[in-house]
Amino acid sequence: MPRSRCLSLAFAITVFWCCSSPAAPKVCIVIDPDAPKLEQFAAREMSAQLSKLFGGEATILAAPPVEADGIILLGSPATNPAVMLAMGDAWPAQWNEQCHLIESTKLGDRSVLVVGGNSPVATLWAAYELGHQLGICYLMQSDVYPAEPIQVKLDSFKVRIIPHVPYRVAVLLGDTPQGTSAWTIAEHERLLGQLAKLKFNRVYLDMGSTGYPGWWSRRFRVDSETAGRAAFKGAGEFTNPEFAAATTDEERKPLKSKFQTAVFARAEQLGMQSYNFKANMHLVNWVDRGWTLQPTGYRVESQRAGLNPIRYSNTIHLAPGDLSPAMDFVARSAFEPRLKPEAAYLDLFTAVCAKREVADRLVRGFRLLDENTETLAHPSLQQFRRLDSTKKDLLLTPFASASPPPEWFKKVKERYTQSMVEMFRGHDNCRPDTRKYLYYHCKRGEFAVEYLNCYESVCLAGEAKKAGNQDKCVELLEKAVESLYNGINSLSEVARDPSDRGLIAALNEYAYRPLVKQLEEE
Amino acid sequence: MLRLLVTLGLSLIISSAAKAEDWAQFRGPNASGVSGGTQPLPASFSTTENVRWSATLGEGIGSPIVAAGRVFATAMSGPQKLGVFAFDEASGKQLWKQELDTGTLPTIMPPNTHASSTPASDGERLYVHFSTLGLVCFDAASGKELWRRPIEQPFYLMAWGSALSPIVYGDLVYFNQDDDLHPFLLAIDKRTGEVRWRVERPEMLAGYAVPVLCEAEGRTDLVIAGSGKMQGYDPATGKMRWTCNTMLRTIMVTPVVKDGVIYIAVQSYGDADRLLKAALLEWKDTNQDGKLAKSEIPEAFWAKFDKGDADRDGFLKDQEIDDAFQNPTNRVGGGSHIQAIRGGGTGDVTKTHVLWNLENKAPSNIASPLVVGDKLFVVKKGGLSSCYQTSGGKTLYELSRIKNLGNYYASPVAGDGKIFVTGENGFIVVLADEPDLNVLSKNDMGETCIATPAIANGRLYIRTMQKLYCVGNP
């Protein structure tokens, strides 16, 4: 073949290949230029999400384009003329301000997707709902996207969402080390962003009453002998840096005010109402009591401050640690009354881990945790539960009681052990980039098992001491200290926010150091 | 003239070789962990006390090495970049740094990290292994890359990740890659990077022992401790000279050689009945239906899967699991033992060369034993240490606490009559090198420490997760 023909052929092949390579998809989000601020924010959020989901470009426009792979009309008939044109009388007339929809329809001869709500915040929720429908998982810490970009397919949506529970409340700051008591303003702002994606619409900020310093103003020593010190990355103490400068109520006042102003401002930006939390305040919320959801009308079922460090539970005080599945379920069930916890958990885990069989294992693991939560929720076990005791007797009380581990102990330990195994089993087969979420639960499971090993050894050490066997007492106390050290280290390996570090700091203060001291005294 | 030539020749040999007090590979001279130096080492040190110099490297758990006046270390200097560093031994001045693009990194399990291999040096050249790159050789003085020998990436059924280290002996670089997919032993010309010989080790499962050299019966063997078997090879040809089939299933430790005897202390999870199948059914059988589906096994192993699926039903069950992943001639379980094996054998020495064996003495599964003088020292999780006489294995002390809890991944090292025991929590406990446990000090290095320290010329080189410290008396 002559050289010139070869070159022509090569050129033709190149051109053909370029033309037939799929171009990045182009999606347009149409919003009125005078749309409310919250809807403009919704547009920006949606643009970022869709760009990542589709691996292309999601542009914000003032008018529908002639051509695009997907056209989204954002807003309501009241805020976006294009929505009025597309939906007209089809927009639900009797809706309240929380209702929202995602609906495929036509605008002239063009296929469009209407995403909007009966208020600007409902439009924001609709935007986030679209992200969820397309595969984004909203966790407390971050969002998880599908592993690969997805195809633009917006022509078969008909989702209309009416809230079953009008108020979805998160109580922030508060009085537990596992809550957000040590979170900074910036960290609260980020968390609020995640809560907005789950359509929480109320924030209560629990800054305690005057004269009560609150957990968030406490300072915990971190030194070379602190178990799990790696979690603190060299810091010499653990406290909420926003209040670190204050030592008196007077000094705290302006800092509290600054904190509240910033958090409330962010909440407002996200369409949430915000309040200062007071005791006995009406809280309208679902309370997850395990696999049976117990609607409580308009009052919280129980106060669960002072979490046992190894209980899996949600609470009126948000404890972000292992609560992503619970929060996801609570949020979704507020709009889907028939949704069962197991189904929600399976959906979430399958999306995060990319494999149904992995999700099955996690559901088993969480079910076991929940069974333990039920067991440990018994009023008689309050002493076992309370981490926030200031008496530092978390483990010294069972030592002094000199009794064998209680009856429920063996079953609880078996469940925690099996739960940990399920988490590890799931972790091994999980999508590689999301394994870290499972590893978090694996290590917390390890902590739970080691904590119970410690508790068991402490009980037996007390018995040995009572029986006059001092050597055995010391041996068992050493074993207890080692178990607790190892358990806290497991927590520290996956500590990712101040809640995790708060738990470690509190365990050192109220469990580990008193136990070491007891051992030294023996 | 002849005298001049001889002198010149000797000078060349001396100057081109790593100095005798250097620590030029993982765990120093023949991976023994023992420094032959005579200069005193401090018992007390920290991130500020007795620090001669320090450097921030980035994340890594490979050990530092010292050769011909230079200290070498590696770190992940970016998400897909391996940093290779050279420092002046005396001043700590950075002499050079090279960065290698690693490409996409495999998923691995903590506490392993990607910069996990310890380099080796002959004083003139530096040899570095990385899982996605193979072996890379640098000029020790300038850092210029001299050659690169790609090696297939290792694969692990349990995703443990690579942590394999080369050694240099004579004019060859030896590298043992016991993974779960395609284990082999390699000898490479240290000057050219050409493969001199390669021996496949199809009987092996994943293991991390560094090759050691055993001089016995008038010859030198290259010894590898692997799954089920410790084997001695001819370093020149790769021909296997002997095998001792007493090892357990997973060997993560490196043996130690002294006076022609090879000592090893192994802990492998489970009991003797816990073959690989049990572990796979526990951890990889995600839906717990008692059989393995392809989707439950890493893709790299699918060819083995297909080969093992005798009834072609798309699952591995029972015998099929064994047949797919474990050589039929080498299926062993777990347990723990400490053994002394006489080197210099021929053929199967299982029944003839084991001098003594201690069962269930619970050594570490990762920290290698230390043989110093006539004592064998081991440490395990919780800071529980034991010491035995090398002749006969008599117990000197057992499971005694060195007052530092937590995990132990770094191997103990010794010098100047002291034993340095590094805990993951960043504390280094110094013991007196004595028949009785005698804790001299507990030193805080401030952050996680998994790498085994190096000792050279009166200095201790400690690699914490992010930094490198040179510690020594003023």
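Cut-offs applied
Residues numbered from 1 in each chain as written. Chains lettered and ligands numbered in written order. Predicted model: local features only at pLDDT ≥ 70, side-chain atom pairs only at ≥ 80, totals over all residues. Heavy atoms only, no water. Helix = DSSP H or I, 4+ residues; strand = E, 2+ residues; numbered from the N terminus. Buried < 20%, exposed > 50% of the residue type's maximum accessible area, 1.4 Å probe, protein only. Contact = heavy atoms within 4.5 Å. Areas by Shrake-Rupley, 256 points an atom, 1.4 Å probe, with all protein chains shown as cover. Buried area = accessible area lost by both parts, 1.4 Å probe. Salt bridge = Lys/Arg side-chain N within 4 Å of Asp/Glu carboxyl O. Pairing = 2+ DSSP bridges. Axes fitted to C-alpha atoms, helices over the stretch in contact; angles between N-to-C directions. pLDDT = per-residue confidence, 0-100. Phe/Tyr/Trp six-rings, centres within 6.5 Å; stacked < 30°, edge-to-face > 60°. Expected span 1.5 Å × (residues − 1). Core = buried A, V, L, I, M, F, W, Y, C linked by side-chain atoms within 4.5 Å. Parallel < 35°, antiparallel > 145°, perpendicular 65-115°, else oblique. Left-handed = near helix turned anticlockwise from the far one by under 90°. Nonpolar A, V, L, I, M, F, W, Y, C, P; charged D, E, K, R; others polar.

### Digging into the overall build of chain A
- Along its length, chain A carries 15 helices and 13 strands.
- Put simply, chain A has 522 residues, and 57% of those count as buried.
- Nonlocal contacts in chain A, meaning residues at least 24 apart in sequence, comprise 72% of its contacts between residues at least 6 apart.
- Summed over its atoms, the accessible surface of chain A is roughly 22000 Å², and 53% of this surface lies on carbon and sulfur atoms.

### Remarks on the interface of chain A and chain B
- Taken residue by residue, the interface counts 24 residues in chain A and 27 residues in chain B.
- Summing both sides of the interface, chain A and chain B together bury roughly 2100 Å²; the carbon and sulfur share of this comes to 48%.
- It is Arg229(A), Arg425(A) and Asp428(A) in chain A that bury the most area against chain B; as a group they hold 27% of the surface buried on that side.
- At the junction of chain A with chain B, the criterion picks out four salt bridges.

### Topic: the sheet that holds strand S5 (residues 110-117) of chain A
All names here are of chain A.
- Strand order in the open sheet made by the six strands is S2-S1-S3-S5-S4-S8, with mixed pairing throughout. In the strand order of this sheet, the two ends are held by strand S2 (57-61) and strand S8 (158-161), each with one partner. On average, adjacent strands in this sheet sit at an angle of 25° to one another, irrespective of strand direction.
- Where helix H2 (residues 37-54) meets the sheet, its contacts fall on strand S1 (26-30), S2, strand S3 (70-74) and S5, and the angle it forms with S2 comes to roughly 160°.
- Packing of helix H4 (residues 120-133) onto the sheet brings it into contact with S3, strand S4 (100-107), S5 and S8, and relative to S5 it is tilted by some 125°.

### What about the confidence of the model for chain B?
Residue and element names in this part refer to chain B.
- On average, residues of chain B carry a pLDDT of 94, and 96% of them reach 70 or more.
- Every residue in residues 4-17 is under pLDDT 50, and counting partners more than four places away or in other chains gives four contacts.
- Interface predicted TM-score (ipTM) for the complex: 0.90; the corresponding pTM is 0.89.

### Observations regarding the environment of His427(A)
- Mapping His427(A) onto the fold places it in helix H12 (residues 409-428).
- Among the residues examined, His427(A) registers a relative accessible area of 3% and is labelled buried.
- For the pair His427(A) and Val516(A), spaced 89 residues apart in the sequence, the C-alpha separation amounts to 34 Å.
- Filtering out sequence-adjacent residues up to four positions away, His427(A) remains in contact with Arg435(A), Leu438(A), Tyr439(A), Cys442(A) and Met109(B).

### Describing the side chain of Asp189(B)
- With respect to the helices and strands, Asp189(B) occurs in strand S12 (residues 184-189).
- Those residues in contact with Asp189(B) that sit more than four places away from it in its chain are Trp147(B), Asp171(B), Leu172(B), Glu194(B) and Arg196(B).

### Description of the packing of aromatic side chains
- Summed over all chains, the structure comprises 26 aromatic pairs over all chains.
- Arranged with centres 6.0 Å apart and planes meeting at 70°, the rings of Trp91(A) and Trp95(A) form a pair that is edge-to-face.
- Given the relative accessible area of 9%, Trp91(A) is considered buried.
- Pairing Tyr263(B) with Trp356(B) gives two aromatic rings, centres 6.3 Å apart and planes at 50°, and the pair type is tilted. Of this pair, Tyr263(B) sits in strand S19 (residues 261-268) while Trp356(B) is found in strand S24 (residues 354-359), placing the two residues 93 residues apart along the sequence. No difference in accessibility class separates Tyr263(B) from Trp356(B), as the two residues are buried.
- Following the ring pairs from residue to residue traces out a cluster consisting of Phe220(A), Phe232(A), Phe238(A) and Tyr510(A).

### A word on the sheet that holds strand S2 (residues 65-67) of chain B
All names here are of chain B.
- With respect to topology, four strands assemble into an open sheet ordered S2-S3-S4-S5, the strand pairing being antiparallel. Looking at the sheet topology across the chains shown, the edges are occupied by S2 and strand S5 (94-101). For this sheet, the mean angle separating the axes of adjacent strands, direction not counted, is 25°.
- Relative to S5, strand S4 (residues 81-88) runs antiparallel, the two sharing seven bridges. Bridging across to S5, phenylalanine 87 finds its partner in glutamine 94.

### Thoughts on helix H5 (residues 185-197) of chain A
Residue and element names in this part refer to chain A.
- With 13 residues, H5 should cover 18 Å at 1.5 Å per step; its first-to-last C-alpha distance of 19 Å lies within 8% of that length.
- Restricting attention to buried positions, one finds in H5 the residues Ile185, His188, Leu191, Leu192, Gly193, Gln194, Leu195, Ala196 and Lys197.
- Looking one or two residues beyond H5, the residue adopting positive phi is lysine 199, at roughly 70°.

### Looking at the nonpolar core
- Counting 94 residues, the largest nonpolar core has Leu484(A), Leu515(A) and Phe325(B) as the members making the most contacts within it.
- If you tally residues by element for this core, the top one is helix H13 (residues 435-466) of chain A, at 16 residues.

### With respect to the environment of Ala86(B)
Residue and element names in this part refer to chain B.
- Note on placement: alanine 86 falls in strand S4.
- C-alpha of alanine 86 to C-alpha of lysine 97: the two residues are eleven residues apart in sequence and 6.3 Å apart in space.
- Setting aside residues up to four positions removed in sequence, alanine 86 forms contacts with Val71, Phe72, Lys93, Gln94, Leu95 and Trp96.

### Things to note about the packing of helix H14 (residues 470-493) of chain A against helix H15 (residues 498-521) of chain A
Residues and elements named next belong to chain A.
- Where H14 contacts H15, the axes come no closer than 10 Å and their chain directions differ by 165°. One element, H14, and the other, H15, form an angle in the roughly antiparallel class. Here H14 and H15 pass one another in a crossing that is left-handed. Contacts between H14 and H15 involve Val474, Leu477, Glu478, Ala480, Val481, Leu484, Tyr485, Ile488, Leu491 and Ser492 from the former and Leu503, Ile504, Leu507, Asn508, Ala511, Tyr512, Leu515, Val516, Gln518 and Leu519 from the latter.
- In the contact of H14 with H15, the residues fall into 16 nonpolar, three polar and one charged.

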